[in-house]
Amino acid sequence: MADRTGLQFVSSFAFEAMQKVDVIRLAALSDPELRLLLPCLVRMALCAPADQSQSWAQDKKLILRLLSGVEAVNSIVALLSVDFHALEQDARKEQQLRHKAGGSNGESILVTQLQHGLTLEFEHSDPLRRLRLTLSELLAIMNKVADSNGEFFLKSSELFESPVYLEEVADVLCILQAELPSLLPIVDVAEALLHVRNGDWFLCLLVANVPDSFNEVCRGLIKNGERQDEESVGGRRRTEALRQLCQMNPSQALNIRAMVVEECHLPGLGVALTLDYKPDTADEAVSPLVSYVSGLLLGTNSKVRTWFSMFIRNGQQRKRESSSVLWQMRRQLLLELVAILPRSRSTHVPNDGDTDEGGSGYSGLREEHVVKASALLRLYCALMGIAGLRPTDEEAEQLLQLMTSRPPATPAGVRFVSLSFCKLLAFPTLVSTPEQEQLMVMWLSWMIKEEEYFESAAGVSASFGEMLLLVAMYFHSNQLSSIIELVCSTLGMKIAIKPSSLSKMKTIFTQEIFTEQVVTAHAVRVAVTNNLSANITGFLPIHCIYQLLRSRAFTKHKVSIKDWIYRQLCETTTPIHTQLIPLIDAYINSILTPASKANPEATNQPITEQEILNVFQSSAGQGDGSRGGRQRYSITTQLLILYYILSYEENLLASTKQLALMQRKPKSYSAALMDQIPIKYLVTQAQGLQQELGGLHSALLRLLATNFPHLCLVEDWVCEEEVTGTLPLLRRMMLPSNTCRYTQSQLHQAFQKLPSSSPRLMRILEHLTLLSPGDLIPYAEALTASMALLLEPAVPRRILQTLNKLWMGLNTVMPRRLWVMTVNALQPSAKLLRQQTYTQNDLMVDPLIVLRCDQRVYRCPPLMDIVLHMLNGYLLASKAYLQCHLKETADFDRQSQTVSNLGVPGQPDTPEVTREELKNALLSAQDSAAVQILLEVCLPTSEEQQLGATPESLLRSIRGPVPGKLKQGSLGPRARGGVDEAEPEGGLLSDLREVQCLICCLLHQMFIADPNIAKLVHFQGYPQALLPLTVAGIPSIHICLDFIPELLAQPQLEKQLYWVDSTERLQTCCIKKWGKMCSCCDCVCVCVCVCLCVCVSPQIFAIQLLSYLCTQYALPKSLSVARLAISVMGTLLTVLTRAKRFSFFMPTLPCVVAFCQAFPPLYDDVAALLVQVGQVCASDVATKARDIDPLIARLQYLKEKPQEAVVPGGGSSKLSLPQKTAEELGGADPDVQLCYCIEATFMDIISSTLHGL
């Protein structure tokens, strides 16, 4: 402001003395400096203080002594002697008058009869009139400011402009504000002073005399300020005033700057304060201006970024002014840039022999300037890319000089080169002349030459060489968007870069520096990153290789990349780098998919099996787990190789059709290799490293669920929680380190000496339970090989249970090898059958081999639990195996058939559908055969039947006596006394009962997983004696209610024979051992491993099954199906012949007792059915002989008055039945037997109803 030239402002020393009331410092001030602070000092000396301490009394004396020699004090004392209360009243009246008059200055209460100008009146007036004149002028300005609606104006006021009276006016102004604070708020006064000349000087004096109001005044001025201060005169005056205030109080300059950013007002003020800021300790790395502007443009607050960018854009639209804050900022930044440039830099291009770093024009960037240079580069990138700064020719020239300078080989130097390179890509317009372009090319060539030296000398893994290589690959594949993304990522900011602006750089890269062949050849020679992990940031060789793989450059130029990828996978550690999994996926795709159809052999080579075995050699020797010794390769490497193998096999199967069309068949990894990889152990290890492995663990689980479903059993995961949980961990922690460690030979000897060595064997097994699953692996062979010895009698149950626990623990780390060893160990004795050593492939092809074990296993629950676990796993493995086999061969067979059928139009393409159907049929046969075999295992043997074991015992134990169950050989109501017989000796604690429960649990899981298995098994049928067991022990069997109507609607009425066969080899084996003739039909019943001869009508089996289901599940659906069954029975009565009627109703009539017991509303329908059947049978009997027994009359009586059929109190029936022995009934006519069966069924229904009441 030129209007205040020559005025003295309050110094920072004086303001600090006033702020702290430091009398010593005040005494050191000169008279002109002290004159500015007199209003506050006089009030301080005359007014009664709040501080009554002795120290303040002494300071007050010093202040009075200081003021005693100043002549202007008397005038200020006179001002303070005025009645300010009356003055305030007059001022408020004048404000009201001005408000009524609409702001006109025609009449004033404070000032009347002005005979001369305002300045002369002020000179000749007494103190009161001086106060009135100044107050009236100030109120007028404040009112005009309030009515201006933010529009700036400059008020011409003679009182505030006369240089002679400025100090007296300032005294009056300070006294008025101090004595009338409610009338004259200091923020409003400060706002009004901006509209008069010398306003910033008055403002500084006012604040200096009220130092506590500094922050309040500054915040008010900033809040009322403009968003862009350099756009208007008012904004510039406000900025200058605040700048003077901060110069008066420099300690608060940064706080005021923070207010500016917070309010997003006055951006020029923030820059000006930064330019004025002089830190106590100079930071040689980065200047305050660079830090401040970088923080605004590169911070996270988008509002601040937009606000400051607008300041830059608007500032460039005006002509260059030396007083402009923007140009001051640019000049300062340019000075800082030039200050760090290497000496003698110019755009002169030296000759080939003049490229020495110490030569003229190519001196290197000093190490202490590298960080500052990087900060300046990022700042200029932000100014040009975000704020839209257009550099001048001088700025562009100096920037290019800085970017093409050569830093020392330090990590900061590597960072500087990367930033310079990205800035060249982001702003190629900086290179405008041929000389500059040649300079850039030579600098890029220097980068390529010095890349290896920088990486080794700087000790960093991510160097600018990888970035050069990556950009070259992007240019070759025309991935300009990827280059833009790379540049923005390296610079750390989002810049709008037009792809068309990269055309010049693309030509330079692809034609002069990096041809595609050079890129691929150079990439293979790049050293792998040692101990690659996510902790290593920046652009690495892996990024370059990944992009080259995606662009198929290696296969196009016949460059082998397999060895590099294998070495890099072997040099990995946790946390896993995010680029590793995409690299493996791209590598697999380059192996299976040719680069072009014209050259189908242009593919990469897969990793060899021997290389894979080398990775797992420390763990493969132990099967599915490893322990002890130092592993050569990290767990990360093993998991990545495992992911590669599984993903390779999956993609190979998915690409079978495309490969068949190209007549290519890439080699699949052998089953022998897969058997030596500890898959489950590695996945278990990965589960505990999920945070470090990123998405690798979930990807492995997905591949396992697809290709190895038997390793993803739910019960296995639950068992792992029990093995690896807190309690087992605490038990292992309590295990002393000096405890006796048993060897495998000691364990084997203890097994061989059973049962005499039972105590010693128990001690060894209990000790093994304290070990982790990985530590148990060496004992796996000894444990499984001796399993058959545990089938001998007198082996303690505790040993069996402990072995089961150890086996389940081993199953968590080495399931596949453990299963094979267990199956081979549990084969029948060699005396009964020639033993055979099975392999993993044998068991996946035919999972029913698991059940071809020693028969004693079927009555050993702990071992039976193991067998069922393996059976469930191998059934799932067989499904996956057959599915993979189908995919591997189907498309090649179809291709060959297509070639052989050329010239035969119209031939249907059916082999694939047929193969799929055959596969599904085989899987259904396996599942149903397994279920049938397990059901037969549930049947008690002849010895167990002699001890009283029956399948019905499980049903009775759950819900009491079986309703409606008729004993064979007795047809009268007195023959039912054996239903409630006691349990066999031993009660429910029997091996048979436990095995039945285990089998029912497995069948329950199978039925839930695939309800079609339940449907198939029940359509095949099984012995009626097992129905009580299956209904009571398999909770999911209620799904049979869905297909019983379909079973009742089967068209065949004759007895049918159902069997399931498997492969021819199994059939031959089973016929030799189990083949036999069916007693009711001329056929051989062949089942896998066990023959089940089930000669039963589907309708009979359905009704028997339904009777148990109704009792177990008395649901509305059961009621409707039961009503349908009764209707079917009535319909069949009208169509069946005499012989078929007897065969059908004899086994089904007792079932209606259960219908009535479960659903009493069915009594009428059942009674009507029984009467109808009785009438038909009685009529047939009457045609052959006289009906001496009035059966029909009794049935009608029982139907009409069932409550009178039985004497109350449990007596005999009023209608006594003729007693017939079993021999008499057996020799009687079938219709006669059926009649007595009907009457017995009636009595059972009535009896069960009365018992229920």
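Residues numbered from 1 in each chain as written. Predicted model: local features only at pLDDT ≥ 70, side-chain atom pairs only at ≥ 80, totals over all residues. Heavy atoms only, no water.

*Asks:* What am I meant to see in the overall build of the protein here?
*Replies:* For the protein, the helix and strand inventory stands at 66 helices and two strands. Expressed as a percentage of its 1253 residues, the buried residues of the protein come to 53%. Residue pairs in contact within the protein that sit at least 24 positions apart in sequence constitute 75% of those at least 6 positions apart. Surface exposure of the protein reaches about 56,100 Å², of which carbon and sulfur atoms provide 53%. (Helix = DSSP H or I, 4+ residues; strand = E, 2+ residues; numbered from the N terminus. Buried < 20%, exposed > 50% of the residue type's maximum accessible area, 1.4 Å probe, protein only. Contact = heavy atoms within 4.5 Å. Areas by Shrake-Rupley, 256 points an atom, 1.4 Å probe, with all protein chains shown as cover.)

*Asks:* Just to check I follow, could you spell out the pattern of salt bridges for this structure?
*Replies:* Pairing between side chains becomes possible if they bear opposite charge and their charged atoms approach one another. Enumeration over the complete set of coordinates arrives at 28 salt bridges. The salt bridge involving Lys-20 is made with Glu-16; its shortest N-O contact spans 2.9 Å. Highlighted residues: Lys-20 and Glu-16, both in helix H1 (residues 12-20), separated by four residues, approximately one helical turn. Across the salt bridge formed by Lys-562 and Glu-611, the nearest N and O atoms sit 3.4 Å from each other. One end of the pair, Lys-562, is in helix H31 (residues 562-570); the other, Glu-611, is in helix H33 (residues 609-615), and 49 residues separate them in sequence. Accessibility assignment for this pair places Lys-562 and Glu-611 in one class, buried. One network of salt bridges, in which partners are shared, links Glu-16, Lys-20, Asp-22 and Arg-25. (Salt bridge = Lys/Arg side-chain N within 4 Å of Asp/Glu carboxyl O.)

*Asks:* Explain the packing of aromatic side chains here, please?
*Replies:* For any pair of aromatic rings, the description consists of the separation of the ring centres together with the inter-plane angle of the planes. Applying the stated criterion across every chain, the model contains 13 aromatic pairs. Residues Tyr-587 and Tyr-644 carry aromatic rings whose centres are separated by 5.9 Å and whose planes lie at 25° to one another, so their mutual orientation is stacked. Taken together, the residues Tyr-587 in helix H32 (residues 580-592) and Tyr-644 in helix H35 (residues 635-654) connect sequence positions 57 residues apart. Note on Tyr-587: relative accessible area 1%, which makes it buried. Accessibility expressed as a relative area gives 1% for Tyr-644, which makes it buried. (Phe/Tyr/Trp six-rings, centres within 6.5 Å; stacked < 30°, edge-to-face > 60°.)

*Asks:* What is the right way to read the packing of helix H4 (residues 38-46) against helix H5 (residues 54-67) from this model?
*Replies:* What describes two packed helices is the angle between their axes and the distance between those same axes. Put simply, H4 and H5 touch, their axes get as near as 10 Å, and they point 130° apart. It follows that H4 is oblique to H5 by the angle criterion. As H4 runs across H5, the sense of the crossing is left-handed. Residues Leu-38, Leu-41, Val-42, Met-44 and Ala-45 of H4 touch H5, and the partners they reach there are Trp-56, Lys-60, Ile-63, Leu-64 and Leu-67. Residues belonging to the contact of H4 with H5 are distributed by class as follows: nine nonpolar, no polar and one charged. (Axes fitted to C-alpha atoms, helices over the stretch in contact; angles between N-to-C directions. Parallel < 35°, antiparallel > 145°, perpendicular 65-115°, else oblique. Left-handed = near helix turned anticlockwise from the far one by under 90°. Nonpolar A, V, L, I, M, F, W, Y, C, P; charged D, E, K, R; others polar.)

*Asks:* Please clarify how the confidence of the model for the protein should be interpreted in this entry.
*Replies:* Predicted coordinates in regions of low pLDDT should not be interpreted in detail. For the protein, per-residue confidence averages 77 on the pLDDT scale, and 77% of positions sit at 70 or higher. For the protein, helix H58 (residues 1064-1074) is the element with the lowest average pLDDT, namely 33, and helix H14 (residues 214-223) is the one with the highest, namely 92. Segment residues 1055-1095 is flagged for pLDDT under 50; beyond a separation of four residues in sequence, or across chains, it makes 80 contacts in the model. (pLDDT = per-residue confidence, 0-100.)

*Asks:* Explain helix H11 (residues 166-179) to me, please; I cannot follow it from the model alone.
*Replies:* For the α-helix, the turn length of 3.6 residues means that residues three or four positions removed from each other point alike. Taking 1.5 Å as the rise per residue, H11 with 14 residues should run 20 Å; its terminal C-alpha atoms sit 20 Å apart, in good agreement. Inspection of H11 places Leu-166, Val-169, Ala-170, Asp-171, Val-172, Leu-173, Cys-174, Ile-175, Leu-176 and Gln-177 among the buried residues, and these make up the whole buried set. (Expected span 1.5 Å × (residues − 1).)

*Asks:* Is there a simple way to think about the environment of Asp-200 in this case?
*Replies:* Its place among the elements puts Asp-200 in helix H13 (residues 199-209). Sequence separation between Asp-200 and Ala-241 is 41 residues, and the spatial gap between their C-alpha atoms is 4.8 Å.

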